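# Secondary and tertiary structure notes
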Amino acid sequence: QVQLVESGGGLVQAGGSLRLSCAASGRTLSSYAMGWFRQAPGKGREFVAAFGRSGTSTYYADSVKGRFTISRDNAKNTLYLQMNSLKPEDTAVYYCATRGTYYIPYKSDSSYDNWGQGTQVTVSS
């Protein structure tokens, strides 16, 4: 079992940037396809970005494409999400997760089995 801990969230003004980190322990991240999701108050969990099964392909939600970048440092066993040009609608709790099955599309949270506790991102207007 892998344990995931997110960090890097906070309060930022619109147009600003944050970098989220997801540190893993228990297993090496290079063994997993990984993803980022977010959940705003009163809404369901939403796909943000993911690495594909190959570990090199990346996928983004249309709402963050061109603004967010997913990356990983296998030596540090850490996944990142660089978020630029932040908007108030990006406000949410952000979660990282490991992919548990490839039979369910990567955009579905049901495809992921290990989740971190989340980190709050708040973007003020």
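Residues numbered from 1 in each chain as written. Predicted model: local features only at pLDDT ≥ 70, side-chain atom pairs only at ≥ 80, totals over all residues. Heavy atoms only, no water.

A word on the packing of aromatic side chains. Inspection of the entire model under this criterion finds seven aromatic pairs. With a centroid separation of 5.3 Å and 65 degrees between ring planes, the pair formed by phenylalanine 37 and tryptophan 115 is classed as edge-to-face. Of the two residues, phenylalanine 37 sits in strand β4 (residues 34-39) while tryptophan 115 sits in strand β10 (residues 112-115), which places them 78 residues apart along the sequence. Accessibility expressed as a relative area gives 0% for phenylalanine 37, which makes it buried. Counting every residue linked through ring pairs, the aromatic cluster contains Phe37, Phe47, Tyr59, Tyr95, Tyr106, Tyr112 and Trp115. Sitting over the face of the ring of tyrosine 95, arginine 45 holds its NZ or CZ atom 5.7 Å from the ring centroid. The positively charged end of arginine 99 is found above the aromatic ring belonging to tyrosine 112, 5.9 Å away from the centroid. (Phe/Tyr/Trp six-rings, centres within 6.5 Å; stacked < 30°, edge-to-face > 60°. Helix = DSSP H or I, 4+ residues; strand = E, 2+ residues; numbered from the N terminus. Buried < 20%, exposed > 50% of the residue type's maximum accessible area, 1.4 Å probe, protein only. Lys NZ or Arg CZ within 6 Å of the ring centre and 35° of its normal.)

Oppositely charged side chains are able to pair whenever their charged atoms sit close together. Applying the stated rule across the entire model yields five salt bridges. Salt-bridge contacts for glutamate 46 lead to arginine 38; the nearest nitrogen and oxygen are separated by 2.8 Å. Residue glutamate 46 is classed as partly exposed on the basis of its relative accessible area, which comes to 34%. A salt bridge links aspartate 90 to arginine 67; the shortest N-O distance between them is 2.8 Å. Remark: arginine 67 occurs in the loop between β6 (58-60) and β7 (68-73) and aspartate 90 occurs in the loop between β8 (78-83) and β9 (92-99); sequence separation between them is 23 residues. Taken together, the salt bridges that share partners define one network made up of Arg38, Glu46, Arg67 and Asp90. (Salt bridge = Lys/Arg side-chain N within 4 Å of Asp/Glu carboxyl O.)

Following the sequence through the fold, glutamate 6 ends up in strand β1 (residues 3-7). The buried charged residue glutamate 6 lacks any salt bridge partner; its closest oppositely charged side chain belongs to arginine 45, at an N-O distance of 8.1 Å. A polar side-chain atom of glutamate 6 sits 2.8 Å from the main-chain amide nitrogen of cysteine 96. Separated by 2.9 Å, the side chain of glutamate 6 and the backbone nitrogen of glutamine 117 make a polar contact. With residues up to four places along the chain from it excluded, the contact list for glutamate 6 reads Ser21, Cys22, Trp36, Tyr94, Tyr95, Cys96, Gly116, Gln117, Gly118 and Thr119. (Lys, Arg positive; Asp, Glu negative; His and termini not counted. Polar contact = N/O pair within 3.5 Å; in protein donor to acceptor, adjacent residues only side chain to side chain. Contact = heavy atoms within 4.5 Å.)

Judged by how many residues are buried, strand β5 (residues 45-51) sits mostly within the fold: five of seven residues are covered. As paired strands, β4 and β5 are joined by five bridges and run antiparallel to one another. Residue pairing in the sheet places glycine 35 in a bridge with alanine 50 of β5. The antiparallel pairing of β5 with β6 creates a hairpin that spans six residues between the two strands, and glycine 55 there sits at a positive phi of about 85 degrees. (Pairing = 2+ DSSP bridges.)

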